[in-house]
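Chain by chain, the residues run as shown.
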Amino acid sequence: MVSIVPYIPRTIVVHLGPPDSYAANIEVPFSDYVKNVASSEVYPTWDESALRANILAITSFALNRFYTEFYRSRGYNFDITSATEIDQKFIYGRNYFDTITELADSLYTSYIRRVGFIEPLAAKFCNGTTVTCAGLSQWGSQDLAQQGLSATQILRRYYGNNIEIVSNAPVRGYTPSYPGTPLRIGSRGAKVLQAQIILNRIGRNYPAIPQIFPEDGIFGRQTEAAVLALQRIFNLTPDGVIGRSTWNQMEQLYVAVNRLNELESLGQTYISFDWSPPNRLQSGSRGQQVRQLQYMLQVLSDYLPTVPRISIDGIFGPQTQAAVNAYQRFAGLTPDGIVGPATWNSMRNRVAGILGTTESSFLQYPGRPLRLNDRDNNI
């Protein structure tokens, strides 16, 4: 579960009953799913701000189930159930109220999340009369709307002031997080990097899983050792290969240790660095761009025997200078040990090619959050 940005699925598969029941699976457009649940859960005569708040909560809860592959990582072939004790009320074949349809369409690409977190909020709710919970009270939201509160103000009353509304989220078809083929020694690319990030996060809760350093998108012996340790702990075939069952186990654990399916999630965050070329990095330079330079040199050293292996410490010292010189000689650049735009861009493009991915997908790391647009004023 290290998707970079959640998306709105075009369709969602609903199991018409509790997870283990012999019930049908129905694939419906995601927008129709939201309209169905909203028409089943709230009254169309409620104030508009209450309806908007409830639709956003319904959307966010469903997206959380979808984004974390809550059921699919457990081997089910659906995304959410119609069992109200664990999910949301979906009545197959029902009609939608016009008011709810109009509002749901206007909020189609919007959802709730906590400021600084990636995952859609697990926005739990209850009716607030016969059933109470830690999340939104449906009848309480109507009372607040009648007091003049906006949808965002209502949501913050129940979920806290540290939430925001994401607007204009991307829309696309379902893409499983599993890479499609097993990852093993020699594999490389964005999915290997994703697996390394997941394993290192799980390892903080399960110290028997060794940490992988650096997280470089290259499946080497360190990554194999971490996979073997996880497989032994959780009674999987200890082959050091990330097949579907191992991937699913990793995903479940990653979601669990971060509490991504809980209202009070620890949160998933990522850092997005600026990979535009620096004016000049040289001996004595320090900071984040030097770390990025050293990361690229580490990747390059695995493929170019003339580039020596260096550590990542953010300090442009003699080892970093020697590695830069070696790369410049390989690439036909002036071997002056100084990194300007030409050397930086050459390294960046070559690393992207080595990892078999695009700059935007592999040059992002967990850590400081990157904010999407928050259009509270439109909600």
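Now for a look at the structure at hand. If you're wondering where the values come from, they're calculated on a predicted model, not measured in any experiment.

**As for the layout of surface pockets**
And step 1. Approximately 460 Å³ is the volume attributed to the second largest pocket.
And step 2. As for the second largest pocket, its lining consists of 20 residues, of which T84, E85, D87, F125 and C126 are closest to the centre.
And step 3. By residue class, the composition of the lining of the second largest pocket is eight nonpolar, six polar and six charged.

**Digging into the packing of aromatic side chains**
Aromatic ring pairs are described here by two measures, namely the spacing of the ring centres and the angle between the planes.
And step 1. Under the definition given, this model contains 14 aromatic pairs.
And step 2. For the ring pair Y7 and F66, a centre distance of 5.7 Å and an interplane angle of 90° mean the geometry is edge-to-face. A residue pair is termed long-range when its members are at least 10 positions apart, and Y7 in the segment before strand 1 (8–9) and F66 in helix 2 (residues 48–67) qualify at 59 residues.
And step 3. The buried category is assigned to F66, whose relative accessible area is 5%.
And step 4. Ring centres of F70 and Y71 lie 4.9 Å apart, and the angle between their planes is 90°; on these two criteria the pair is classed as edge-to-face.
And step 5. Here the aromatic residues F70, Y71, Y76 and F78 are joined through ring pairs into a cluster of three or more.
And step 6. Between R72 and the ring centre of Y174, over which it is positioned, the NZ or CZ distance is 4.8 Å.
And step 7. Over the aromatic face of F70 sits the side chain of R74, whose NZ or CZ is 4.3 Å from the ring centroid.

**Details of the pattern of salt bridges**
And step 1. As enumerated under the stated definition, the model contains eight salt bridges in all.
And step 2. Put simply, E48 and R52 hold a salt bridge, and the shortest N to O gap is 2.9 Å. With E48 and R52 both in helix 2, this residue pair falls four residues apart, about one helical turn.
And step 3. A relative accessible area of 14% places R52 in the buried class.
And step 4. Here R221 makes a salt bridge to E224, at a shortest N to O gap of 2.9 Å. Here R221 and its partner E224 are both found in helix 7 (residues 221–233), three residues apart, which amounts to about one turn of the helix.
And step 5. Look at R221 and you get exposed, because its relative accessible area is 61%.

The rules behind each value
Residues numbered from 1 in each chain as written. Predicted model: local features only at pLDDT ≥ 70, side-chain atom pairs only at ≥ 80, totals over all residues. Heavy atoms only, no water. 1 Å grid on protein atoms, 1.4 Å probe; cavity = no way out; pocket = protein on both sides within 12 Å on 5 of 7 lines; lining within 4 Å. Points joined across faces, edges and corners; volume = space filled by probe spheres on them. Nonpolar A, V, L, I, M, F, W, Y, C, P; charged D, E, K, R; others polar. Phe/Tyr/Trp six-rings, centres within 6.5 Å; stacked < 30°, edge-to-face > 60°. Helix = DSSP H or I, 4+ residues; strand = E, 2+ residues; numbered from the N terminus. Buried < 20%, exposed > 50% of the residue type's maximum accessible area, 1.4 Å probe, protein only. Lys NZ or Arg CZ within 6 Å of the ring centre and 35° of its normal. Salt bridge = Lys/Arg side-chain N within 4 Å of Asp/Glu carboxyl O.

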